[in-house]
Amino acid sequence: GHVRLWIGPVIGNKPFKEIHSFDIERLKKNILDAGKAPRTLQHVLATFRQIWNKARLHGLVSGDSPTRSVELPKFDNCRIRFLKHEEAALLLPALKSRCLDTYRMAALSLYAGLRRQELFDLRWKDVDFRTGTIRIIDAKAGETQTAYMNASTRAILNEMKAGSPGELVFLNHDKPYTEIPDIFQDT
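Remember, predicted model here, so these are calculated numbers, not experimental data.

**Q** Kindly report on the overall build of the protein, identifying the contributing residues and their values.
**A** Within the protein, the secondary structure is distributed over eight helices and five strands. When the helices and strands of the protein are placed in sequence order, the string is α-α-α-α-α-α-β-β-β-α-β-β-α. Scaling as 2.2 N^0.38, a compact globule of 187 residues should have a C-alpha radius of gyration of about 16 Å, whereas the protein reaches 25 Å, well beyond that. Seen through its principal axes, the protein has C-alpha atoms that stretch 70 × 35 × 30 Å. Residues classed as buried in the protein amount to 32% of the 187 residues present. Within the protein, residue pairs in contact and separated by at least 24 positions form 55% of the contacts whose partners lie at least 6 positions apart.

Spelled out as structure tokens, the structure:
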């Protein structure tokens, strides 16, 4: 698809030995002018590099790919998606009826804003019922952060059997979680 849609129309039947970074710049311009995301450009250039490297392996060209000197635009491919209140109202009871731990993790994630790894790393010493806070260590931002408990979060944590201070809040059959349980995807 990359060759048919993008590479072929710009480079055409041009011999590989005659393809230069200027041609790749034209390819870049066409992709961006068409309104495609920088990530699409990155994928198309990766396809071209693979073709070039295969041609070099077979002795058809020598040297580095002409994509090497083409600068890629900076991009943030992150999508932020929040559940609507109606979606959360459907999800949480469905999870609770299927798996209590998965429900608790989802609820803490929703109510306190904890990410997956933050849930997996959460220890009882980080839960402070007196101040109503949850300390998040080594958060994605690279620093310690604080999440605040609302009534639902406090109730969920209160109903759990608190372990020793160094013990993880969520354990998967006495082992740390490494993945969100499959039940979440199935719900």
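What follows continues from the structure just given.
**Q** Describe in detail helix H5 (residues 100-112), supporting the description with residues and values.
**A** In this model, H5 (13 residues) spans 17 Å end to end at C-alpha, consistent with the 18 Å of a helix rising 1.5 Å per residue. Buried within H5 we find Thr-102, Tyr-103, Arg-104, Met-105, Ala-106, Ala-107, Leu-108 and Ala-112. Directly beyond the C-terminal end of H5, a positive phi value near 75° is found at Gly-113.

**Q** Quick rundown of the packing of H5 against helix H7 (residues 151-159)? Include the residues and the values.
**A** Between H5 and H7, the shortest axis-to-axis distance is 9 Å and the interhelical angle comes to 150°. The orientation of H5 relative to H7 falls into the category roughly antiparallel. Of the two elements, H5 crosses H7, and the hand of that crossing is left-handed. Touching Tyr-103, Arg-104, Ala-107, Leu-108, Tyr-111 and Ala-112 of H5 are Ser-152, Thr-153, Ile-156, Leu-157 and Glu-159, all from H7. When the residues that make up the contact of H5 with H7 are grouped by side-chain class, the tally is seven nonpolar, two polar and two charged.

**Q** If you had to explain unusual backbone geometry to someone new, which residues and values would you point to?
**A** A positive phi angle, close to 55°, is found at His-173, a residue other than glycine. Looking at where His-173 falls in the secondary structure, it is placed in the loop between strand S4 (171-172) and strand S5 (175-176). On the basis of relative accessibility, which here comes to 73%, the residue His-173 falls in the exposed class. If you check the backbone angles, Asp-174 has positive phi at about 70° while not being a glycine. Structurally, Asp-174 can be placed in the loop between S4 and S5. Since its relative accessible area comes to 71%, Asp-174 is described here as exposed.

Conventions adopted
- Residues numbered from 1 in each chain as written.
- Predicted model: local features only at pLDDT ≥ 70, side-chain atom pairs only at ≥ 80, totals over all residues.
- Heavy atoms only, no water.
- Helix = DSSP H or I, 4+ residues; strand = E, 2+ residues; numbered from the N terminus.
- Rg over C-alpha atoms; globule rule 2.2 N^0.38 Å.
- Buried < 20%, exposed > 50% of the residue type's maximum accessible area, 1.4 Å probe, protein only.
- Contact = heavy atoms within 4.5 Å.
- Expected span 1.5 Å × (residues − 1).
- Axes fitted to C-alpha atoms, helices over the stretch in contact; angles between N-to-C directions.
- Parallel < 35°, antiparallel > 145°, perpendicular 65-115°, else oblique.
- Left-handed = near helix turned anticlockwise from the far one by under 90°.
- Nonpolar A, V, L, I, M, F, W, Y, C, P; charged D, E, K, R; others polar.

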